[in-house]
Amino acid sequence: MHVRRLTGGLGAAALTVALTLSGGHAVAAGPAAGDHALAARVLTYDASGAAEFRSAVDRGAAIWNESVDAVELRPVAAGQRANIRVLADNGWPRALPTTLGNGTVYIGRQAVGQGYDTVRISSHELGHILGLPDRKPGPCSSLMSGSSAGTACTNPYPNAAERAEVEDNFGGALTGTTPTAYAAVIVD
């Protein structure tokens, strides 16, 4: 699990409140004063319908977990409803987000048949569920460039800008605010 530490402005605000509550006198605190550990927003995914792409979906989720702190993707537990359904079909890969962090991903066999990398496809489509748009045309270093990077591109990792955007999208999970809902169909 990823844990983020918030310092700076939040720490200063906590110190101000502590000084006010103690009558304005400085109070000694431990070395972690002002640091607050906050857990990532957990999103579950169900890859039971991903057929031969299940391991690619698990790897795509792991890549996002390695790349960002504000959100964590976990396989859904038995008997629970998942935030993200992942299905295999014969079409082109696509994501149908409903709200931020929720929706359906299709790992289309058409792109795989054309030579596109299954882990890159999975990571890219999960990126849509995490709020990222396509950025076409684009270089292989941009995960969200999708198919425009060509079949030789196997990079499944988001670049720094894509990671930062997901951190911003899910920053509400760390600050207590609610992310904006949206609906879109993203076909790659």
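Located above this text is the structure these notes cover.
From a predicted model like this one, the values you see are computed outputs, not experimental measurements.

## Notes on the pattern of salt bridges
Turning to step 1, where the next piece is worked out: Applying the stated criterion across every chain yields a total of 5 salt bridges.
Turning to step 2, where the next piece is worked out: Note that Glu72 is salt-bridged to Arg74, the shortest N-O span being 3.4 Å.
Turning to step 3, where the next piece is worked out: Residue class for Glu72 comes out buried when judged on its relative accessible area of 9%.
Turning to step 4, where the next piece is worked out: The partner of Asp89 in a salt bridge is Arg94, with the nearest N and O atoms 2.4 Å apart.

## Some words on the pairing of strand β7 (residues 102–108)
Both faces of the sheet carry side chains from a regular strand, because those side chains alternate between them.
Turning to step 1, where the next piece is worked out: Within β7, 6 of the 7 residues are buried, which leaves the element mostly enclosed by the surrounding structure.
Turning to step 2, where the next piece is worked out: Where strand β5 (residues 84–89) and β7 come together, 6 bridges link them in parallel fashion. Following the sheet pairing, Val86 is matched in β7 by Val105.
Turning to step 3, where the next piece is worked out: As paired strands, strand β6 (residues 94–99) and β7 are joined by 5 bridges and run antiparallel to one another. Paired with Thr99 across the strands is Asn102, a residue of β7.

## A short note on the environment of Ser142
Turning to step 1, where the next piece is worked out: You can see Ser142 is positioned in the loop between α4 (118–129) and α5 (160–169).
Turning to step 2, where the next piece is worked out: Spatially, the C-alpha atoms of Ser142 and Tyr157 are 8.0 Å apart, while their sequence positions differ by 15 residues.
Turning to step 3, where the next piece is worked out: Ser142 has contacts with Arg120, Arg135, Asn159 and Glu162, leaving out every residue within four places of it along the chain.
Turning to step 4, where the next piece is worked out: In this structure the side chain of Ser142 is engaged in a polar contact, spanning 2.8 Å, whose partner is the side chain of Glu162.

## Details of the packing of helix α2 (residues 54–67) against α4
Turning to step 1, where the next piece is worked out: At their nearest, the axes of α2 and α4 sit 8 Å apart, and the two run at 55° to each other. Between α2 and α4, the interaxial angle falls into the category oblique. Note that α2 runs across α4; the crossing there is right-handed. Of α4, the residues touching α2 (which contributes Ala56, Val57, Arg59, Gly60, Ala61, Ile63 and Trp64) are Thr118, Val119, Ser122, Ser123, Leu126 and Gly127.
Turning to step 2, where the next piece is worked out: The class makeup of the residues in the contact of α2 with α4 is 7 nonpolar, 5 polar and 1 charged.

## A closer look at the state of the cysteines
Turning to step 1, where the next piece is worked out: For the structure on display, the rule yields 1 disulfide.
Turning to step 2, where the next piece is worked out: Paired by a disulfide, Cys140 and Cys153 hold their sulfur atoms 2.1 Å apart. As the torsion about the S-S bond is roughly 85°, the Cys140-Cys153 disulfide counts as right-handed. On the criterion of sequence distance, the pair formed by Cys140 in the loop between α4 and α5 and Cys153 in the loop between α4 and α5 is long-range, its members being 13 residues apart.
Turning to step 3, where the next piece is worked out: We classify Cys140 as partly exposed; its relative accessible area is 30%.

## Some thoughts on the nonpolar core
Turning to step 1, where the next piece is worked out: Grouped together as the largest cluster of nonpolar side chains are 31 residues, with contacts concentrated most on Trp64, Leu73, Ile84, Val105, Leu130, Val166 and Phe170.
Turning to step 2, where the next piece is worked out: For this core, the secondary-structure elements that each account for two or more residues are β3 (41–49), α2, β4 (71–75), β5, β7 and α4.
Turning to step 3, where the next piece is worked out: Discounting residues that sit within four places of it in the chain, Val166 has contacts with Trp64, Val68, Val71, Leu130 and Leu132.

## Looking at the side chain of Glu167
Turning to step 1, where the next piece is worked out: Relative to the assigned elements, Glu167 resides in helix α5.
Turning to step 2, where the next piece is worked out: Of the residues examined, Glu167 reaches a relative accessible area of 15% and is grouped as buried.
Turning to step 3, where the next piece is worked out: Within the structure, the side chain of Glu167 is placed 2.6 Å from the backbone nitrogen of Asp69, a separation counted as a polar contact.

## Some thoughts on the packing of aromatic side chains
Turning to step 1, where the next piece is worked out: What the rule picks out here adds up to 1 aromatic pair.
Turning to step 2, where the next piece is worked out: Aromatic side chains Trp92 and Tyr116 sit 5.7 Å apart centroid to centroid with 80° between the ring planes, which places their arrangement in the edge-to-face category. In this pair, Trp92 is assigned in the loop between β5 and β6 and Tyr116 in the loop between α3 (109–113) and α4, connecting sequence segments 24 residues apart.
Turning to step 3, where the next piece is worked out: The exposure class assigned to Trp92 is buried, which follows from its relative accessible area of 17%.
Turning to step 4, where the next piece is worked out: Lying over the aromatic face of Tyr106, Arg94 brings its terminal NZ or CZ to 4.1 Å of the ring centre.

How each quantity is defined
For every chain, the first residue of its written sequence is number 1, and the numbers climb from 1 along that sequence. Reporting in this predicted model follows two pLDDT cut-offs: at least 70 for local features of residues, and 80 or more for side-chain atom pairs to be given and counted; totals over whole chains, interfaces and linings ignore these cut-offs and use all residues. Neither water nor hydrogens contribute to the side-chain values; these are computed over all heavy atoms in the structure. Salt bridge criterion: a side-chain nitrogen from Lys or Arg within 4 Å of a carboxyl oxygen from Asp or Glu. Relative accessible area decides the class of each residue, using a 1.4 Å probe on protein chains only: under 20% of the type maximum gives buried, over 50% gives exposed, and in between gives partly exposed. Counting from the N terminus, the helices are the DSSP runs of H or I reaching at least four residues and the strands are the DSSP runs of E reaching at least two. By this definition, two strands are paired if DSSP reports at least two bridges between them. Between two residues, a contact is recorded if the distance between any of their heavy atoms is within 4.5 Å. Polar contact is defined as a pair of N or O atoms within 3.5 Å, subject to the rule that within protein one atom must be able to donate a hydrogen and the other to accept it, and that residues adjacent in sequence are counted only when both atoms are side-chain atoms. To get an axis, a line is fitted to the C-alpha atoms, and for a helix only the part in contact is used. The angle between two axes follows their N-to-C directions and goes from 0 to 180 degrees. Orientation categories follow fixed angle ranges, with anything under 35 degrees roughly parallel, anything over 145 roughly antiparallel, 65 to 115 roughly perpendicular, and all other angles oblique. Handedness of a crossing follows from how the near helix is turned relative to the far one, being left-handed for an anticlockwise turn of less than a right angle and right-handed for a clockwise one. Only Asp, Glu, Lys and Arg are considered charged in this grouping, and only Ala, Val, Leu, Ile, Met, Phe, Trp, Tyr, Cys and Pro are considered nonpolar; every other residue, Gly among them, is considered polar. Two cysteine sulfurs form what is called a disulfide whenever their separation falls within 2.5 Å. Nonpolar cores are built from buried Ala, Val, Leu, Ile, Met, Phe, Trp, Tyr and Cys residues. Side-chain atoms within 4.5 Å join them into one set. Each Phe, Tyr or Trp ring, with Trp reduced to its six-membered ring, pairs with another whose centre is within 6.5 Å; inter-plane angles below 30 degrees give stacked pairs, above 60 give edge-to-face pairs, and intermediate values give tilted ones. The criterion for a charge sitting over a ring is simple: Lys NZ or Arg CZ within 6 Å of the ring centre, and within 35 degrees of the ring normal.

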